[in-house]
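What follows is each chain in one-letter form.
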Amino acid sequence: MLKALIRPLLAGAMLMSAAGFAAAETTYIRGNDGDPETLDQHKTSLVAEAHLMRDLYEGLVVYDNKAKIIPGVAEAWSVSDDGTVYTFNLRGDAKWSNGDPVVAEDFVFSLQRIMTPETGAKYANILYPIKNAEAINKGEMKPEELGAKAVDDKTLEITLAQPTPYFLELLTHQSGLPVNPGAVKAHGSDFVKPENIVTNGAYKLVSFTPGDKIVMEKNENFHDAANVKIDRIEFVPFEDRATCVRRFEAGEVQSCSDLPTEQIKSMKERLGDQVRITPYLGTYYYALNQEKESLQDPRVRQALSMVIDRQFLGDEIWAGAMLPAYSLVPPGIGNYEGGGAQAEWADTSLIDREDKAIELMKEAGYGPDKPLKLELSYNNSENHKNTATAIADMWKAIGVDVQFNVRDLSAHYSNLRDTSDYEVARAGWIGDYSDPQNFLFLVESDNTGFNYAKYKNPDYDALMDKAAAETDLVKRADILREAEALFMKDVPFVPLLFYSSLSLVSPKLVGWEDNIQNVHGTRFMSISE
Amino acid sequence: MLGYAVRRLLGAIPTLFLVITFSFFLMRVAPGGPFDRERTLEAKVLENLNRVFHLDRPIWEQYFYYLGNLARGDLGPSFIYRDFSVQQLLGNGLPVSIQLGGTALLIALLIGSLLGTIAALRQNSWVDYSVIATATFGITVPNFVVAPLLSLIFGVWLSLLPAGGWNSPGSMVLPVVTLALPQIAIIARLIRGSTIEALRSDHVRTARAYGLPTRMVVVVHALRAACLPVISYLGPAAAALLTGSVVVETIFGLPGIGRYFVQGALNRDYTLVMGTVIIIAVFVVVFNLIVDLLYAALDPRVRYD
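Since the model is a prediction, treat every value here as computed from it, not as a measurement.

What counts and what doesn't
Residues numbered from 1 in each chain as written. Chains lettered and ligands numbered in written order. Predicted model: local features only at pLDDT ≥ 70, side-chain atom pairs only at ≥ 80, totals over all residues. Heavy atoms only, no water. Patch = residues over 30% accessible without salt bridge, like charges linked within 9 Å, V, L, I, M, F, W, Y side chains within 5 Å. Areas by Shrake-Rupley, 256 points an atom, 1.4 Å probe, with all protein chains shown as cover. Salt bridge = Lys/Arg side-chain N within 4 Å of Asp/Glu carboxyl O. Lys, Arg positive; Asp, Glu negative; His and termini not counted. Charge placed at Lys NZ, Arg CZ, Asp CG, Glu CD. Helix = DSSP H or I, 4+ residues; strand = E, 2+ residues; numbered from the N terminus. Buried < 20%, exposed > 50% of the residue type's maximum accessible area, 1.4 Å probe, protein only. Contact = heavy atoms within 4.5 Å. Polar contact = N/O pair within 3.5 Å; in protein donor to acceptor, adjacent residues only side chain to side chain. Phe/Tyr/Trp six-rings, centres within 6.5 Å; stacked < 30°, edge-to-face > 60°. Core = buried A, V, L, I, M, F, W, Y, C linked by side-chain atoms within 4.5 Å.

## Section: a negative patch on the surface
Step number 1: A cluster of like negative charges, contributed by A:D352, A:E354, A:D355 and A:E359, occupies part of the molecular surface.
Step number 2: Here A:D355 lies in helix α11 (residues 350-363).

Right, here's the structure in full:
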């Protein structure tokens, strides 16, 4: 027993003195949302994983620290006139961490791998715009039939099923990152282990201890290694956001990737502009299930949406960490010149809105004598509970009686996916890429996975199809805006709030730029003393 | 005695089997599965995942598949942490939990026994009252209050110790104190009560009458009898402490296995929960056996054939 106690103490002391000798190295202790479920880019789905992948791998194109697309492994690209064939010229000095060159065939291998059903990739569908991708992922075609081919070592040609103006945005997602074919063939799913992994990003993996940390070191073979200033990163998972705040204040971490909302006010007072609250590509909404009789009347849905005081929800319940939402698509999104379509009543005062809502409810046959009974389902969390309670109170004013149905996350979402056994249901959507299509597709009638409202409007679907075929981005934005206006009229979802990304950033960390995608590649940062 | 221990261990096998079976089916009764998250998956993608993890098979088949693997000592892959097997996760975390829990237990035993004995010897004095008051406080203040408070005071304000993490020997101090405090309180109260009783018992009175020095009477005769209730308490308590604490691990950010139980259940990480259940069950069985054997060693009236 004594030995068991002393040994780790000694080991710890040795580690500390070793760290002392290597003081010249700059280390960035970086708070992350939690442990990754996997370091296999093709199986990842979480934001926490995206942060790790961005440092380990480089895709064809990447985001810089302002979330602008810049060349990655591809130094240049061209698009065919019909918008369906992308030709990428890979940079000559792109190398894997083992010194091998990164070649076009590596990307072909990787894209085929993510579509192979046996890989079990959660985000395979992101790359469905690639020709035959969906059929391969569904087991109907062979991986070799994918619309991706290596013309030569340094030229990659990707063919799409139809023009996809946001295709480059898609490629910034971790599903588009290459795996090292040699490592995958030699080690199978164990290729992610530190001793096996081969990366092509600015960093390489040193160790992964679940619940403790993930350590990365600078990859000397990275083509831009000369400009990478931080030598070592320790990603620390924080299931408890408050723990990260304490460690940040103790000087033990230099950034936190999320913050406890209930502490935001006091943190702003203590830490000033180290607290970063930045608009994020996400919408918090309530789905209104139109298969339920009570929610089939558009006047009722409109009234339910109209009467909600979103400013109160954002400022009081979410302590300023969320912004009021009067549209589905968050502001600041790409390819949406002119912005989205807001609810008609967005600028009307709350009192007038309440009067109008009462009138609509009366027309639909509801009132103080005949209240509308609704069940509101949400997944268990303090903030969701407070939001639901506040909304139930606001709805009371227009004669709606709310009953709550609370489940844990897994049970809540399986209920939404597999049943129609709910009336009003809380959900949220974080955009995968910066394009309005990524929000508006949620309620297409054939979107069985995400259309929790069971909304079926042929006009809406027709507009979405029309937008998909349009290659002129300005015209396309107009069509999508028309679809969003229809959405706001029909109210399949009640958009409530836009998410913000919440971070703590030490003044010593130079190069962290707030951006709507919440992407912060370590290669663009440095640490000042 | 050896025969008894072997019989007890053999008897534990059906117990463990029942625990495993019950937990397995209980987990599956909970609605939702490991792949139901904020982002619901495309039907085909979900189908692919279910096939990879054998979740597309009938439940009884999955059960026998799990038992078969278990018989070979394989706890299966984690459904959520896909780069690790359950063995690897528990193998990484268990030593951390044992170090923390073991140290806390040792400290709690030493300080708790000392305080309890002193309080008993000075019954109804201010010493006694202050020990009891402190102990009551220690039991009533929950660790989710103590842990962030200690971290804030010693980590953030005084900068004496790490506020969290698992990096240096200093990282152990605050979590161990948090774990030990309620145990010190409970042990002190148990020892005080049983020592007062033991001091009044016949054999202690006899020892005193023989004119043995007080120290010897207390240490050899009274304490030996007085520690029996503590030992029965320690069986389950040690099993709980050594298998980690979800609160302490989450608040200090430690890589133990306590989190896996709660997180695993919330994530529907079936195999991880099963692995944790098995570890906890084994610890409970083993520590209860140790308690019974210690009883025999300490109490001359208890004998096992």
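## Looking at the environment of A:L409
Step number 1: Its place among the elements puts A:L409 in helix α13 (residues 409-418).
Step number 2: A residue is classified by how much of its surface remains accessible, and A:L409, at 28% relative accessible area, is partly exposed.
Step number 3: With 28 residues separating them along the chain, A:L409 and A:S381 place their C-alpha atoms 9.0 Å apart.
Step number 4: Residue contacts for A:L409: discarding those within four places in its chain leaves A:N379, B:D36, B:R37 and B:E38.

## Things to note about the environment of A:H520
Residues and elements named next belong to chain A.
Step number 1: Relative to the assigned elements, H520 resides in the loop between β18 (509-510) and β19 (526-527).
Step number 2: Taking the C-alpha atoms as reference points, H520 and D408, separated by 112 residues in sequence, lie 31 Å from one another.
Step number 3: For H520, the contacting residues outside a window of four places in its chain are R30, R54, W512, E513, D514, N515 and M525.
Step number 4: A distance of 3.4 Å separates a polar side-chain atom of H520 from the backbone oxygen of E513.
Step number 5: A polar atom in the side chain of H520 sits 2.9 Å from the side chain of N518.

## Some thoughts on the pattern of salt bridges
Step number 1: Applying the stated criterion to the full structure yields 30 salt bridges over all chains.
Step number 2: The salt bridge partner of A:R247 is A:E252, with a shortest N-O separation of 2.7 Å.
Step number 3: Residue classification places A:E252 among the buried positions, given a relative accessible area of 19%.
Step number 4: A salt bridge links A:D408 to B:R268; the nearest nitrogen and oxygen atoms lie 2.8 Å apart. On the criterion of chain membership, the pair formed by A:D408 in the loop between β15 (400-407) and α13 and B:R268 in the loop between α11 (258-267) and α12 (270-298) is interchain, its members lying in two chains.
Step number 5: Ionic contacts of the salt-bridge type, sharing partners, join the residues A:E37, A:K122 and B:R37 into one network.

## Some points on the packing of aromatic side chains
All names here are of chain A.
Step number 1: Going through the model one piece at a time under the given rule, you end up with 26 aromatic pairs over all chains.
Step number 2: For the ring pair Y284 and W318, a centre distance of 5.5 Å and an interplane angle of 70° mean the geometry is edge-to-face. Of this pair, Y284 sits in strand β12 (residues 275-288) while W318 is found in the loop between α10 (310-317) and β13 (322-324), placing the two residues 34 residues apart along the sequence.
Step number 3: In this structure Y284 comes out as buried when scored by relative accessible area, which is 0%.

## Side note on the nonpolar core
Step number 1: Of all hydrophobic cores here, the largest spans 128 residues; its most connected members are A:L60, A:F88, A:M115, A:I130 and A:I158.
Step number 2: Once residues within four sequence positions are removed from consideration, A:M115 is found in contact with A:A124, A:L127, A:Y128, A:A133, A:I136, A:N137 and A:L146.

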